[in-house]
Amino acid sequence: LQHRPLVFSPNPQTKPNSPFDYQRLPISLPPSDGITASQLRPNDIIVGGSGVGVLDLPSTGNRRFRSLVESKAATFSKSDKKRMIRMAQVTVSMVHEAGGRFLAIDPESNLLCEVNKDKAWTKTLRTYKEYMHTYQQLESVR
């Protein structure tokens, strides 16, 4: 699998650690606890709850992540199960190497919390599958 480090390189048009419009999140983030919008890093990824992959949010990290996954959808759709899992693992490693974290909303505290690697792999795999289905639908139309 090829690494594509340019996808997660800092965007010169985005100020580092600049908050995104977190008003669109379905929760409020208290300023004193947890990870707040101003503490988000440019390569942080916000994942959804059960049965959901990476959320389609206007944050820099989520946009970059979705762009990367979309660019690999064709390869993913033609891969066997082992390769699919490996692609998800490599993608998670790329995010971590670029200083990004996978964050989820804790339902009890309504705060953003970092998830473990297994959950990050699962969410990444789910997102790949979402794009794979879209890619396959587009291919069937052609």
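Let me sum up the structure you'll find in this document.

The rules behind the values
Residues numbered from 1 in each chain as written. Predicted model: local features only at pLDDT ≥ 70, side-chain atom pairs only at ≥ 80, totals over all residues. Heavy atoms only, no water. Phe/Tyr/Trp six-rings, centres within 6.5 Å; stacked < 30°, edge-to-face > 60°. Helix = DSSP H or I, 4+ residues; strand = E, 2+ residues; numbered from the N terminus. Buried < 20%, exposed > 50% of the residue type's maximum accessible area, 1.4 Å probe, protein only. Pairing = 2+ DSSP bridges. Salt bridge = Lys/Arg side-chain N within 4 Å of Asp/Glu carboxyl O. Core = buried A, V, L, I, M, F, W, Y, C linked by side-chain atoms within 4.5 Å. Contact = heavy atoms within 4.5 Å. Expected span 1.5 Å × (residues − 1).

1. Thoughts on the packing of aromatic side chains
- Within this structure, the stated rule accounts for 2 aromatic pairs.
- Here the aromatic rings of Phe65 and Phe102 are separated by 5.9 Å at their centres, their planes lie at 85°, and the arrangement is edge-to-face. Taken as a pair, Phe65 in helix α1 (residues 60–71) and Phe102 in strand β2 (residues 102–105) lie far apart in primary sequence, 37 residues in all. For the pair formed by Phe65 and Phe102, the shared burial category is buried.
- The interplanar angle of 15° and the centroid separation of 4.9 Å between the aromatic rings of Phe76 and Tyr128 together place this pair among those described as stacked. One end of the pair, Phe76, is in helix α2 (residues 73–77); the other, Tyr128, is in helix α4 (residues 117–141), with 52 residues separating them in the sequence. Here Phe76 and Tyr128 have matching classes, each one buried.

2. Quick look at the sheet that holds strand β3 (residues 112–114)
- Strand order in the open sheet formed by 3 strands is β1-β2-β3, and the pairing between neighbours is mixed. With one partner strand each, in any of the chains shown, β1 (45–46) and β3 form the two edges of the open sheet.
- In this structure, β1 lies alongside β2, joined through 2 bridges in parallel fashion. Bridging across to β2, Ile45 finds its partner in Phe102.

3. Description of the pattern of salt bridges
- Taken as a whole and assessed by the stated rule, the structure comprises 2 salt bridges.
- In this structure, Asp44 and Arg101 form a salt bridge, with 2.6 Å as the shortest nitrogen-oxygen distance. Here the residue Asp44 occupies a position in the segment before β1, and Arg101 occupies one in the loop between α3 (81–97) and β2, the gap between them amounting to 57 residues.
- Given the relative accessible area of 10%, Arg101 is considered buried.
- Among the salt bridges present, the one from Glu130 reaches Arg66, with a minimum N-O distance of 3.4 Å. One end of the pair, Glu130, is in helix α4; the other, Arg66, is in helix α1, and 64 residues separate them in sequence.
- The class for Glu130 is partly exposed, based on a relative accessible area of 29%.
- Relative accessible area serves as the criterion here: at 12%, Arg66 is assigned to the buried category.

4. Quick word on the nonpolar core
- Grouped together as the largest cluster of nonpolar side chains are 20 residues, with contacts concentrated most on Ile45, Val47, Phe65, Phe76 and Phe102.
- For Phe76, the contacting residues outside a window of four places in its chain are Met84, Met87, Leu125, Tyr128, Lys129 and Met132.

5. Some points on α3
- An ideal rise of 1.5 Å per residue puts 24 Å on 17 residues; α3 measures up with 24 Å between its terminal C-alpha atoms.
- Taken as a whole, α3 has its buried residues at Met84, Met87, Ala88, Val90, Thr91, Val92, Met94 and Val95.
- Just past α3, the residue Gly99 takes up positive phi, approximately 85°.

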